[in-house]
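Observations on the three-dimensional arrangement
Residues per chain, in single letters:
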Amino acid sequence: MTWWKDRTGYQIYPRSFQDSNGDGIGDLRGIIDRLDHLVDLGIGFIWLSPVYSSPMADNGYDISDYRNIAPEFGTLGDMDRLIAEADKRDIRIVMDLVVNHTSDQHPWFQEASASSQAEKRDWYLWRAPVNGGPPDDRRSYFGGPAWRYSAATEMYYLALFTPEQPDLNWNNADLRAEIWDMMRWWLDRGIGGFRMDVIDHIGKDVDAGIITDGPRLHDHLQEMHREVLAGRDALAVGEAWSATTDTALLYTGRDRGELDMMFQFAHITALWDDGHGKWRPKRFDLTAIKRVWTDWQIALQDDGWNALFWANHDLPRAVSRYGDEGAYRVRSAKALALVLHLMKGTPFVYQGEEIGMTNTRFDRIEDFRDIEVLNHYAEALAAGTAAQDFIAGANANGRDGGRTPVLWDDAPGAGFTTGTPWIGINANYKDINVAVDHADPNGVFAFYRQLIALRRGDGLIVHGRFAPFLDDHPQLWAYTREQAGEQLSVIANISGTEASSPVPPGLQVTGQPVLSSMAPRGSIGTKITLAPWEAFAVRGPLPGPSPTLPAK
Ligand code: TEU
Ligand code: CA
């Protein structure tokens, strides 16, 4: 029932993974064509970002039919083929469940917004104007007001993301029943589970001003478990930007009957500027990142389960945000992967991360595609921000940089498409692509393949107890995992300059070399000195007092 504990997940953003018909947009057949790449990598399941029918206001996170496939991605038959072909390769398909909101083109909303007497009116959140305007001044995440006026019934509806994404009213039992039925319909089609989009939002109580972590959040999740997930061998992983180590076990505790694991984002927001959020990212701060991961490792040490990740379709690419894009690109990609994958939890690889792809940068706002960037750009300029300043922030921390096509080879179109891609392809595709990296025994792909293979069936990596060291060192990241008398020690220089430190009490790094971003090492001697981005793991018997030898 917990197949996901020793497997590694791989996130596919379908629009940019592989185009099979030359329209410049990735599609399901393209994914099927590339499944053997994932087999080679050792992937155990795919988190597939939405492929359902959608007007694509938010690239598919605005769904107009939960039980059909957007034509640009293919057909239900293609989806069934993907499930079957992946299953032949022992790869499960975890679909993206986006049920905090639908598209405004969903028939449910079309019906609900047409008349205040509509049967499904209460499936959305309507409020009367106040003093001729919106009920309150709440802002949406993607710019503009969160309350949108609907002239047909002269009322406002809540839309926390874009106006095209009206929030569903989860207090409505008929709505919930329909969601359960749809989830069962997909599980019966053979998918392996769901990644649940902004799931911390479904308990909202807007009149109380509570949006995340709301009063009925866990009631709904427990009902979902009873109605859909109980007894099924399906993964439920929730996305919860509001989650903390205090609330994590409410979602993922073994006796909670809710979710299996969750994506928390404290390591992401720790580097966001207090005043300007992601658009003015703070300088990299390793101690802040280590603190978050250590807190979460310890919080879920005995219950619950972490999802381990650096990047996804909403975040900048790992090697650009946390590593080095230049001389140490490959080594830093390996170092970041090693410290992440050897922690306790299920690692997720974001498409292209396995070859150390870097962020794509755009000089002009016209080259960006993400509605979040475009809307915030307009608001920032209206507030006096210089265009280039905002664009610099959008390139550093926006969502488009990591959403450009996977680089497969050095052909025009990078092997992604023979047509005109929907978004620009990274200009470094001739140097950084799967074909080049895959051929390099010291490449990023080869390292990820070894790292992922280590985890499979390994009790120490999957279940070993976590212990941190060197918490305050600004360059070094060190921790151990212990299980059944064995210890795995991980030590990494997450910086571009040499790092050294006395060996902290209790940290013993001796044993068999497991993996290294450079030449294999089996020990650190009496003082730690690591080259830039040198990271390695060793494994051996749990050090401790040598066993007393029997008297002669
Ligand atoms: O993202 C949730 C979400 O809050 C992020 O969009 C985040 O707020 C933003 O990137 C930080 O500035 C999920 C999906 O992952 C995202 O792609 C969707 O746009 C969003 O929900 C709405 O469905
Ligand atoms: Ca296509």
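The preceding data block contains the structure.
Worth saying up front: this structure is predicted, and the values here are computed from it rather than measured.

The protein atoms that coordinate the calcium ion (ligand 2) are D19 (OD), N21 (OD1), D23 (OD), I25 (O) and D27 (OD), at distances of 2.2 to 2.4 Å. We note that the donor set of the calcium ion (ligand 2) lies within a single chain, spaced as D-x1-N-x1-D-x1-I-x1-D.

Moving on, we come to unusual backbone geometry. Residue M56 is not a glycine yet carries a positive backbone phi of 70 degrees. When you line up the elements, M56 lands in the loop between β3 (52–53) and β4 (65–69). You can call M56 buried: its relative accessible area is 13%. For W533, which is not glycine, the phi torsion reads 60 degrees and is therefore positive. In this fold, W533 is placed in the loop between β19 (527–530) and β20 (535–541).

This part takes up the pattern of salt bridges. According to the stated counting rule, one finds 37 salt bridges in the structure shown. Residues R399 and D58 are paired through a salt bridge, measuring 3.2 Å at the closest nitrogen-oxygen approach. Note that R399 is positioned in the loop between α13 (387–397) and α14 (434–438) and D58 in the loop between β3 and β4, a separation of 341 residues in sequence. No difference in accessibility class separates R399 from D58, as the two residues are buried. The partner of E534 in a salt bridge is R521, with the nearest N and O atoms 3.2 Å apart. With E534 in the loop between β19 and β20 and R521 in the loop between β18 (512–516) and β19, the pair connects residues that are 13 residues apart, well separated along the chain. E534 sits in the buried class, given a relative accessible area of 7%.

On to the packing of aromatic side chains. Under the counting rule described, the total for this entry stands at 33 aromatic pairs. Centre to centre, the rings of W185 and W186 are 5.0 Å apart; their planes meet at 85 degrees, and the pair counts as edge-to-face. Classification of W186 as buried rests on a relative accessible area of 0%. Measuring from centroid to centroid gives 5.4 Å for W241 and W272, while their planes differ by 35 degrees, and the two rings are tilted. Here W241, found in the loop between β10 (235–239) and α7 (248–252), pairs with W272, found in the loop between α8 (266–269) and α9 (286–299); they are 31 residues apart in sequence, far enough to count as distant. Given the relative accessible area of 19%, W272 is considered buried. Ring-pair connections join several aromatic residues into one group, and the members of that group are W3, F45, W47, W241, F263, F265, W272, F309 and F348. Stacked on the ring of W123, the Lys or Arg K120 has its end atom at 5.0 Å from the ring centre. In this arrangement the basic side chain of R121 is found over the ring face of W126, its NZ or CZ atom lying 3.7 Å from the centre.

The next subject is the pairing of β20. Burial analysis of β20 places 6 of its 7 residues in the buried class, the great majority of the element. In this structure, strand β16 (residues 486–493) lies alongside β20, joined through 7 bridges in antiparallel fashion. Each residue of the ladder has a partner; that of A492, found in β20, is A535. Two elements, β18 and β20, share 4 bridges in a ladder whose sense is antiparallel.

Right, let's get into the site of ligand 1. Around ligand 1, a shell composed of 17 residues is seen, among which D58, D197, H313, D314 and E372 lie nearest. Between R195 and ligand 1, the recorded distance is 3.0 Å, taken from a side-chain N or O atom to an oxygen atom. E239 is positioned such that a nitrogen or oxygen atom in its side chain is 3.2 Å from an oxygen atom of ligand 1. Of the residues in the shell around ligand 1, the class split is 6 nonpolar, 2 polar and 9 charged.

Our focus in this paragraph is empty space enclosed by the protein. By the definition in use, this model includes 3 cavities of 30 Å³ or more. For the largest cavity, the calculated volume is near 90 Å³. Along the walls of the largest cavity sit W310, A311, R317, A318, V319, A333, L336, A337, E353, G356, M357 and Y448, which together make up its complete lining. Looking at the lining of the largest cavity, the elements that each hand over two or more residues are α10 (318–321) and α11 (329–341). The element best represented in the lining of the largest cavity is α11, accounting for 3 residues. Considering only residue class, the lining of the largest cavity consists of 9 nonpolar, 1 polar and 2 charged. Lining the second largest cavity we find I268, L271, W272, W310, L315, P316, R321, Y322 and N397.

For α9, with 14 residues, the first-to-last C-alpha span of 20 Å sits near the 20 Å given by 1.5 Å per residue. Burial of α9 is extensive: 10 of the 14 residues sit out of reach of the surface. Buried within α9 are the following residues: L286, T287, A288, I289, K290, V292, W293, T294, W296 and Q297.

The rules we used
- Residues numbered from 1 in each chain as written.
- Chains lettered and ligands numbered in written order.
- Predicted model: local features only at pLDDT ≥ 70, side-chain atom pairs only at ≥ 80, totals over all residues.
- Heavy atoms only, no water.
- Donors = N, O, S within 2.8 Å, 3.2 Å for Na, K, Ca; no water.
- Helix = DSSP H or I, 4+ residues; strand = E, 2+ residues; numbered from the N terminus.
- Buried < 20%, exposed > 50% of the residue type's maximum accessible area, 1.4 Å probe, protein only.
- Salt bridge = Lys/Arg side-chain N within 4 Å of Asp/Glu carboxyl O.
- Phe/Tyr/Trp six-rings, centres within 6.5 Å; stacked < 30°, edge-to-face > 60°.
- Lys NZ or Arg CZ within 6 Å of the ring centre and 35° of its normal.
- Pairing = 2+ DSSP bridges.
- Near = heavy atom within 4 Å.
- Polar contact = N/O pair within 3.5 Å; in protein donor to acceptor, adjacent residues only side chain to side chain.
- Nonpolar A, V, L, I, M, F, W, Y, C, P; charged D, E, K, R; others polar.
- 1 Å grid on protein atoms, 1.4 Å probe; cavity = no way out; pocket = protein on both sides within 12 Å on 5 of 7 lines; lining within 4 Å.
- Points joined across faces, edges and corners; volume = space filled by probe spheres on them.
- Expected span 1.5 Å × (residues − 1).

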